[in-house]
Amino acid sequence: MTHSLSNEEERNTLEWIDKLPFSRPKKHINRDFSDGVMVAEIVKYYFPKMVDIHNYITSCKKQQKLSNWSLLNKVFSKLDFYIAEETMEKIVSSTPGMILPVLFFLKDKLDKKLLQTTNSRPHYFGSRSEEKPFSGTILNKLEELVQLKDKRIEHLTCFPETYMTKLQVLD
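Residues numbered from 1 in each chain as written. Predicted model: local features only at pLDDT ≥ 70, side-chain atom pairs only at ≥ 80, totals over all residues. Heavy atoms only, no water.

- For the protein chain, the name recorded in an unreviewed UniProt entry is Sperm flagellar 1, with Poecilia reticulata as its organism.

Here is the structure:
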């Protein structure tokens, strides 16, 4: 994956990443994503049943990082997406500029899969009595997600200078 991104594509990818909840803070994008755990968290965020986070181990060891990325490639196959061994090696060694194109293409594949799954779900038309009612657990889950989103937005707006300096460096 040797595609270089434009400044706008890089900025959009970084903004997308900043909106997602992660188990650990992002400090240096090349190192943070080198073990594949945060990439697995991204897929899990969009498709919870596609990834089992407990299978991905946070590590500084090259062999474990490669193992995580090999496991991710199996998940990526469900998204019609593949990362070559050479690219994995560069990501694992935190080579600058290698993870952003991968994240950019992952975002594109996730968007396509989301569109595909929403288009394949049954739609209920007509009167309210014909619509499929929401169960209480679904509504509770949706309310929790909205609260989580609000907390994340509040957290991100508390530190805008951190993210703005990262974006300015890219320009």
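### Quick look at the overall build of the protein chain
- Regarding its fold elements, the protein chain presents 8 helices and 0 strands.
- When the elements of the protein chain are put in sequence order from the N terminus, they spell out α-α-α-α-α-α-α-α.
- Taking all 171 residues of the protein chain together, 33% fall into the buried category.
- Excluding contacts between residues fewer than 6 apart, the proportion of contacts in the protein chain whose partners are at least 24 apart in sequence is 62%.
- Total accessible area on the protein chain is roughly 11,200 Å²; 56% of this is exposed by carbon and sulfur atoms. (Helix = DSSP H or I, 4+ residues; strand = E, 2+ residues; numbered from the N terminus. Buried < 20%, exposed > 50% of the residue type's maximum accessible area, 1.4 Å probe, protein only. Contact = heavy atoms within 4.5 Å. Areas by Shrake-Rupley, 256 points an atom, 1.4 Å probe, with all protein chains shown as cover.)

### Looking at the nonpolar core
- Membership of the largest hydrophobic core comes to 32 residues, with the highest contact counts inside it found for F33, I42, W69, F76 and L106.
- Secondary structure elements with two or more residues in this core: α1 (7-19), α3 (37-46), α4 (62-77), α5 (85-92) and α6 (99-120).
- The biggest single contributor to this core is α3, with 6 residues.
- Not counting the four nearest positions on each side in its chain, I42 is found in contact with W16, I17, L20, F22, F33, L103, L106 and L110. (Core = buried A, V, L, I, M, F, W, Y, C linked by side-chain atoms within 4.5 Å.)

### Side note on the side chain of K65
- Tracing the backbone through its elements, the reader meets K65 in helix α4.
- Buried charge without a partner: K65 forms no salt bridge, and the closest opposite charge is D35, 6.7 Å away.
- Side-chain polar atoms of K65 contact the side chain of S34, separated by 3.1 Å.
- Every residue in contact with K65, bar those within four places of it in the chain, is listed here: S34, D35, S59, C60 and V92. (Lys, Arg positive; Asp, Glu negative; His and termini not counted. Salt bridge = Lys/Arg side-chain N within 4 Å of Asp/Glu carboxyl O. Polar contact = N/O pair within 3.5 Å; in protein donor to acceptor, adjacent residues only side chain to side chain.)

### Concerning the environment of L156
- For L156, the position within the fold is in helix α7 (residues 136-158).
- The exposure class assigned to L156 is buried, which follows from its relative accessible area of 16%.
- C-alpha of L156 to C-alpha of K19: the two residues are 137 residues apart in sequence and 7.9 Å apart in space.

### Quick look at the pattern of salt bridges
- Using the criterion set out here, one finds 6 salt bridges in the structure.
- Here K90 makes a salt bridge to E86, at a shortest N to O gap of 3.6 Å. Taken together, the residues K90 and E86, both in helix α5 and 4 residues apart, mark about one turn of the helix.
- One salt bridge in this structure joins K149 and D150, with 3.1 Å as the shortest N-O distance.
- Given the relative accessible area of 43%, K149 is considered partly exposed.
- According to the relative accessible area criterion, D150 is partly exposed, its value standing at 38%.

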